[in-house]
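Next come the chains, spelled out residue by residue.
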Amino acid sequence: MSNFAIQPMSRFAGSSAAIRRPKEIAYFSYDDDHVFHLDERSLRYYYPPNLGVDLSKGFDTFQQLDDTADDHLDGLLKTIIDLEQRTGTKCTAEVVTWSFIEENHEHKLESRKQQHAQPSRRGAPSQDLMSFWGYKFETLSLIPDQWDSTSREVIETRENMVVNNYAQYCSVVKTGIGKARMLIGGEVDALWDCKPDNRDDPINWVELKTSAEIANDKDTLKYERKLLKFWIQSFLLGVPKIIVGFRSQNGILQRFEELETKNIPGMVKRGKGIWDGNLCINFTAAFLDCESFTACDLVPTNACSGLKQTITTDGVWRIRRRERSPVIEIFKNEESGCGDILSPEFIEWRNSREANEADVEAAKTRLVESINQETCQL
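Residues numbered from 1 in each chain as written. Predicted model: local features only at pLDDT ≥ 70, side-chain atom pairs only at ≥ 80, totals over all residues. Heavy atoms only, no water.

Colleague: Got a sec to walk through the nonpolar core? Specific residues and values, please.
Modeller: If you look at the biggest cluster of nonpolar residues, it comprises 44 residues, and the most contacted ones within it are F4, W205, L227, V244, L259, I264 and W275. Those elements that provide at least two residues to this core are strand 7 (168–177), strand 8 (180–188), helix 5 (217–237), strand 11 (241–247), helix 6 (264–270), helix 7 (277–289) and strand 14 (327–334). Counting residues per element, this core draws most heavily on helix 7, which supplies 8 residues. If we skip the residues at most four places from it in the chain, W275 touches E224, L227, L228, W231, I264, P265, V268 and C280. (Core = buried A, V, L, I, M, F, W, Y, C linked by side-chain atoms within 4.5 Å. Buried < 20%, exposed > 50% of the residue type's maximum accessible area, 1.4 Å probe, protein only. Helix = DSSP H or I, 4+ residues; strand = E, 2+ residues; numbered from the N terminus. Contact = heavy atoms within 4.5 Å.)

What follows is the structure, encoded as structure tokens:
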């Protein structure tokens with residue numbers, strides 16, 4: 001097991017590590033029944049919602065996805081197979097992940113269970129209802145096509161639509177932080193306008209979030225902590241705009257605010273300053289690669305090993321930070337195999353590809369040897 005020391009955080013201060021702009025290289029959808037498709041059928045477009053709407057309306061008819069089964073990275077891996085088959089090029093990256101590193105599914109379910117088991121304050125909404133408010137805000141803010149191709153009736157009746165979180169449009173992007181090349185898949189909520197004709201141009205994605213209205217300094221601190229999660233999620237996928245719907249304590253949509261993702265660290269710095277964007281990027285770069293920013297004169301040598309230095313053999317590895325621990329632990333969980341993280345379909349595809357590549361190389365070698373023999377005879 002290796003440890004990556006979190007403190008002193010000052011060693012990650014300064015200008016940010018190099019970042020490769022996220023570029024979409026593939027996509028896939030889950031439809032209204034959560035069936036996987038290699039297309040854009042679940043792509044949605046942003047259109048401003050009406051204010052004053054009760055976000056609780058429709059909670060009793062909410063069609064909520066049951067995510068207790070662990071799908072691992074299956075959708076992302078199917079998309080990579082398709083991409084490699086279409087292009088004839090292997091996707092290469094040090095990190096291939098959904099949002100950021102595959103989470104421990106059992107731990108996620110247990111944490112959710114504990115959170116929901118906590119009694120709500122008297123008169124406060126339940127955790128389930130507050131989660132619904134976020135999905136309701138998405139339904140109020142989305143249309144199935146660009147606004148000029150969408151009927152007025154569809155736009156004006158969004159408040160009465162049944163909320164369903166089965167459908168998802170998922171973008172797969174190529175990016176990098178520091179020296180680590182990354183392939184990331186993640187759900188994106190909507191397009192601001194349309195996808196550009198030039199695939200190298202950035203896409204005007206929109207991420208939709210909700211937050212309680214800010215009334216005092218305590219609320220401001222809570223909101224700025226929430227902005228860290230908003231920023232990281234959108235930053236990694238190359239989403240340039242986040243729209244936050246502010247609600248009352250009982251779930252009435254009061255206003256919404258458009259935020260430029262790139263400006264969020266500056267907003268926080270001018271506000272309470274409780275986190276620093278450059279420090280976050282440098283911390284991530286060091287953890288992924290650990291060739292820079294380690295400052296081992298300040299940190300014991302055995303406490304600054306990142307992923308690249310640690311994960312050098314096959315097997316299943318786990319990243320863990322215990323509550324209030326000063327280190328992130330990196331340890332091998334299974335000596336061999338892939339722990340169901342890689343699907344049998346993906347393993348079979350990569351094995352067949354490697355076998356074909358070996359056959360091609362062998363054929364090239366035989367051809368060169370044949371040419372050399374003929375040259376010698378001449």
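And the narrative resumes.
Colleague: Describe the pairing of strand 8, listing the residues and the values that go with them.
Modeller: In terms of residue burial, strand 8 counts as a mostly covered element, since 7 of its 9 residues are buried. Where strand 5 (residues 95–98) and strand 8 come together, 4 bridges link them in parallel fashion. What sits directly across from W98, in strand 8, is G185. Across 9 bridges, strand 7 lies against strand 8 in antiparallel orientation. Following the sheet pairing, Y169 is matched in strand 8 by V188. A loop of 2 residues connects strand 7 with strand 8, the two strands running antiparallel in sequence, and G178 in this loop sits at a positive phi of about 65°. (Pairing = 2+ DSSP bridges.)

Colleague: A description of the pattern of salt bridges should follow, citing residues and the corresponding values.
Modeller: Under the defined criterion, the tally for this structure stands at 17 salt bridges. Of the charged contacts, one joins K195 and E40 as a salt bridge, the two residues approaching to 2.7 Å between their closest N and O atoms. With a gap of 155 residues between them, K195 in the loop between strand 9 (190–191) and strand 10 (205–212) and E40 in the loop between strand 3 (36–37) and strand 4 (45–46) connect regions that are remote in the sequence. The exposure class of E40 is partly exposed, given its relative accessible area of 30%. Its salt-bridge partner being D217, residue K272 comes within 3.5 Å of it at the nearest N-O pair. Here K272, found in the loop between helix 6 and helix 7, pairs with D217, found in helix 5; they are 55 residues apart in sequence, far enough to count as distant. (Salt bridge = Lys/Arg side-chain N within 4 Å of Asp/Glu carboxyl O.)

Colleague: Which residues make up the environment of L237, and what values go with them?
Modeller: Tracing the backbone shows L237 in helix 5. Sequence separation between L237 and I184 is 53 residues; the distance between their C-alpha atoms is 7.2 Å. For L237, the residues in contact, after removing those within four places along its chain, are P22, S171, V173, I184, G185, G186, E187 and V188.

Colleague: So what's going on with the sheet that holds strand 7? Which residues, and what values?
Modeller: Pairing within the open sheet is mixed, and its 5 strands lie in the order 3-2-7-8-5. The outermost strands of the open sheet, each flanked by one partner alone, are strand 3 and strand 5. Along the sheet, helix 1 (residues 74–87) contacts strand 2 (19–30), strand 3, strand 5, strand 7 and strand 8; its crossing angle with strand 2, the most-contacted strand, is approximately 100°. Relative to the sheet, helix 5 contacts strand 2, strand 7 and strand 8, its axis offset from that of strand 8 by approximately 110°. (Axes fitted to C-alpha atoms, helices over the stretch in contact; angles between N-to-C directions.)

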